[in-house]
Amino acid sequence: MSTTGGHGLRADLPYRRVALVLSGGGALGAYEVGVLRVLETLRLVPSLIVGVSVGAINAVSWLAAGYDAGPIERVWRTARGEALGVQWVSLALRVTGALTTLVSLLELLLTAMGSREFSGAYWLWGRGSAQADLLSIQLDLTLWTVLALVGALTALYARRVAGDLDRRAAGADPERLRRQLKITVLVSAGVYLFIWAMGWPWPHRFHASILVLLSLAWVASTPGRLGRWTRSVTLGLMPETGGRGLWSGRARRRILQRIVAAGDGSRLAGPGTSLVVSALAVDSGRIGHFVSWPEDDAAFAKRLEVELGEVLHVNTADEMVEAAVASSAIPGLFQPERVGGRDFVDAGGFSNQPLHVAIAQGADAVLVVLLSPSESPTEVPPPADVVSLGGRLLELANWRDLQTELRHLPEGWSREGRPARICVVEPPSPLPANLLAFDPELAAELIALGRRDAWASLRNAGWLTELKPLEQGETRLEG
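Everything numeric in this text was worked out from a predicted model, so none of it was measured.

Rules used throughout
- Residues numbered from 1 in each chain as written.
- Predicted model: local features only at pLDDT ≥ 70, side-chain atom pairs only at ≥ 80, totals over all residues.
- Heavy atoms only, no water.
- Helix = DSSP H or I, 4+ residues; strand = E, 2+ residues; numbered from the N terminus.
- Buried < 20%, exposed > 50% of the residue type's maximum accessible area, 1.4 Å probe, protein only.
- Contact = heavy atoms within 4.5 Å.
- Areas by Shrake-Rupley, 256 points an atom, 1.4 Å probe, with all protein chains shown as cover.
- Phe/Tyr/Trp six-rings, centres within 6.5 Å; stacked < 30°, edge-to-face > 60°.
- pLDDT = per-residue confidence, 0-100.
- Pairing = 2+ DSSP bridges.
- Axes fitted to C-alpha atoms, helices over the stretch in contact; angles between N-to-C directions.
- Parallel < 35°, antiparallel > 145°, perpendicular 65-115°, else oblique.
- Salt bridge = Lys/Arg side-chain N within 4 Å of Asp/Glu carboxyl O.
- Left-handed = near helix turned anticlockwise from the far one by under 90°.
- Nonpolar A, V, L, I, M, F, W, Y, C, P; charged D, E, K, R; others polar.

Caption draft 1: Structural detail: the overall build of the chain. Looking only at helices and strands, one finds 17 helices and 11 strands in the chain. Considering the chain as a whole, with its 479 residues, one finds that 45% of them fall into the buried category. The contacts in the chain between residues at least 6 apart in sequence include a share of 74% that link residues at least 24 apart. For the chain, the computed accessible surface area is about 24,800 Å², with 61% contributed by carbon and sulfur atoms.

In structure tokens, the structure reads:
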């Protein structure tokens, strides 16, 4: 542990309603734990906490534990992606297992349909021919080779093919296409059954494969119960989520429930520090701000409505946990979470540092924690993969959102002055991790960086003062 450098919170700090805003950033959220540890050392208890995405997870954990970051810090320092819900290994195993099962069942079916021992001619008339079998296999091989070449050319000229299909589909009647597909399936099945009964040489496996695929496509396109069931089964192959994401919020929910159960859930929906958790409503497109106080505040609600937000009152700790799980549901990765019968997802890409929420609630100063620098983004080489690209887009979104917030501050609010009304804790350069790099070693480094930058930012904002010199033998430690 490092010393505080002889600094403490100013006794004459003129702000009495300090708000803490914790922004989102996936695995970078460990940085916020370091900041929370500094606030504990300074005994700075905010009047209001606003959390978005992983910031909501940290906020709920810290508040439920009585302003103690220890429980959530232990999670960050010990858990890897699988334990936190980013289950790449489980995804690979589940998809591989499902595909293996499906392919095996399909091969069993096709082997039976294309075998001489199971042909109609063999069972009806006792006719069979090794020469016919050989010719059937040769036809199968030829057609599979042709299909492979067609697939390769389609991949090579994918854009041209897609454009042609799009032009052909323009103005097409879905019902007519469904009827045509049905007729194709019936004719194909009739041809196959006739040849199967006669025992003629034929590319049985190829024909059977196409027939099975066409049949599934037709069944899935039908509007009735069978069509809905087929589509749901197909989507159900997606792990945990029914096709609305790669993973569910089960892991995050368990972590929060464990921390809240060990602490005091009444802090999440009762007197004391007010809590706001923000998430994007899928149905309305508005930012839903889940608030821990039961009283209606018309002025507060009107201010948020201007920003395309809405106030949603939370009555229990369980509801606030659900709100935090929804707030951290990164679209495309995690499924939307239902809160109060509505679907919500991570709002970080739309409002990641909602300073206006804290100001509207009556805060007279704000300490906001960023997970990327607030300076103009520097030019970087093109991201090498989708995760790196996601991290870069988050960095840009955070920067743009913060600039928008800062440019619409009320008169008298700025980062200038000593003490400044807005204290921004931020890394001076991009943090050494990405959105999904949940790793204990990286988390430990991020926590240390959060501590360092929190002390520097609070000092630069004029919120700290020099403490009296230590007596001989005394030691002053951070949290």
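Let's pick the thread back up.
Caption draft 2: Local environment of the packing of aromatic side chains. Under the defined criterion, the tally for this structure stands at 6 aromatic pairs. Taking 5.1 Å as the distance between ring centres and 70 degrees as the angle between the ring planes, the aromatic pair formed by Phe290 and Phe344 counts as edge-to-face. Remark: Phe344 occurs in strand S8 (residues 342-345) and Phe290 occurs in strand S5 (residues 287-291); sequence separation between them is 54 residues. With a relative accessible area of 4%, Phe290 lands in the buried category.

Caption draft 3: Looking closely at the side chain of His207. Here His207 shows up in helix H10 (residues 204-221). A residue is classified by how much of its surface remains accessible, and His207, at 11% relative accessible area, is buried.

Caption draft 4: How the structure looks around the side chain of Ser374. Locating Ser374 in the fold gives a position in the loop between strand S9 (365-369) and helix H16 (386-407). A relative accessible area of 4% means that Ser374 is categorised as buried. Not counting residues up to four positions away in its chain, the partners in contact with Ser374 are Trp399, Leu402, Gln403, Arg415 and Glu426.

Caption draft 5: Up close: the confidence of the model for the chain. When pLDDT is averaged along the chain, the result is 82; 80% of the residues meet or exceed 70. Note that residues 468-479 has pLDDT below 50 and, in this model, 23 contacts with residues that lie over four places away or in other chains.

Caption draft 6: Structural detail: the pairing of S8. Judged from the 2 bridges that link them, strand S4 (residues 274-281) and S8 form a sheet pairing that is antiparallel. Among the inter-strand pairings, Leu280 is bridged to a residue of S8, identified as Val345. The pairing of strand S7 (residues 337-339) with S8 spans 3 bridges and is antiparallel. Bridge pairing links Glu337 to Phe344 in S8. Remark: 2 residues form the turn of the hairpin made by S7 and S8, two consecutive strands paired antiparallel; Gly340 in that turn has positive phi of roughly 60 degrees.

Caption draft 7: Examining the packing of helix H3 (residues 70-78) against helix H17 (residues 440-460) more closely. Relative to each other, H3 and H17 sit at 135 degrees, their axes nearing to 6 Å. Classified by the angle between their axes, H3 and H17 sit oblique to one another. Listed contacts from H17 to Glu73, Trp76, Arg77 and Thr78 of H3 are Pro440, Ala443, Ala444 and Ile447.

Caption draft 8: Main features of the pattern of salt bridges. Scanning all chains against the criterion turns up 14 salt bridges. Between Glu175 and Arg178 there is a salt bridge, with its nearest N and O atoms 2.5 Å apart. You can see Glu175 and its partner Arg178 sitting in helix H9 (residues 174-198), 3 residues apart, about one turn around the helix. One salt-bridge network, held together by shared partners, links Arg37, Glu40, Asp68, Glu73 and Arg77.

Caption draft 9: Fine view of the environment of His7. Position of His7 relative to the elements: it lies in strand S1 (residues 7-9). Residue classification places His7 among the buried positions, given a relative accessible area of 13%. Each C-alpha atom of the pair His7 and Leu464 lies 6.0 Å from the other, and the pair is 457 residues apart in sequence.

Caption draft 10: Representation of the packing of helix H1 (residues 30-42) against helix H2 (residues 54-64) in the model. At a minimum axis distance of 11 Å, the contact between H1 and H2 shows a crossing angle of 35 degrees. Pair H1 / H2 crosses with right-handed handedness. For the pair H1 and H2, the contacting residues are Glu32, Val33, Leu36, Leu39 and Glu40 in the first and Val54, Gly55, Asn58 and Trp62 in the second. Among the residues forming the contact of H1 with H2, the class breakdown is 5 nonpolar, 2 polar and 2 charged.

Caption draft 11: Spotlight on the environment of His289. Mapped onto the fold, His289 is located in strand S5. Since its relative accessible area comes to 2%, His289 is described here as buried. Separated by 239 residues in the primary sequence, His289 and Val50 have C-alpha atoms spaced 9.1 Å apart. Discounting residues that sit within four places of it in the chain, His289 has contacts with Val276, Val277, Ser278, Leu304, Gly309, Glu310, Val311, Leu312 and Val357.

Caption draft 12: Representation of the environment of Leu308 in the model. In this fold, Leu308 is placed in the loop between helix H13 (298-306) and strand S6 (309-313). A residue is classified by how much of its surface remains accessible, and Leu308, at 53% relative accessible area, is exposed. The sequence separation of Leu308 and Gly285 amounts to 23 residues, and the corresponding C-alpha distance is 8.2 Å. Among residues more than four places away in sequence, those in contact with Leu308 are Arg286 and Ile287.

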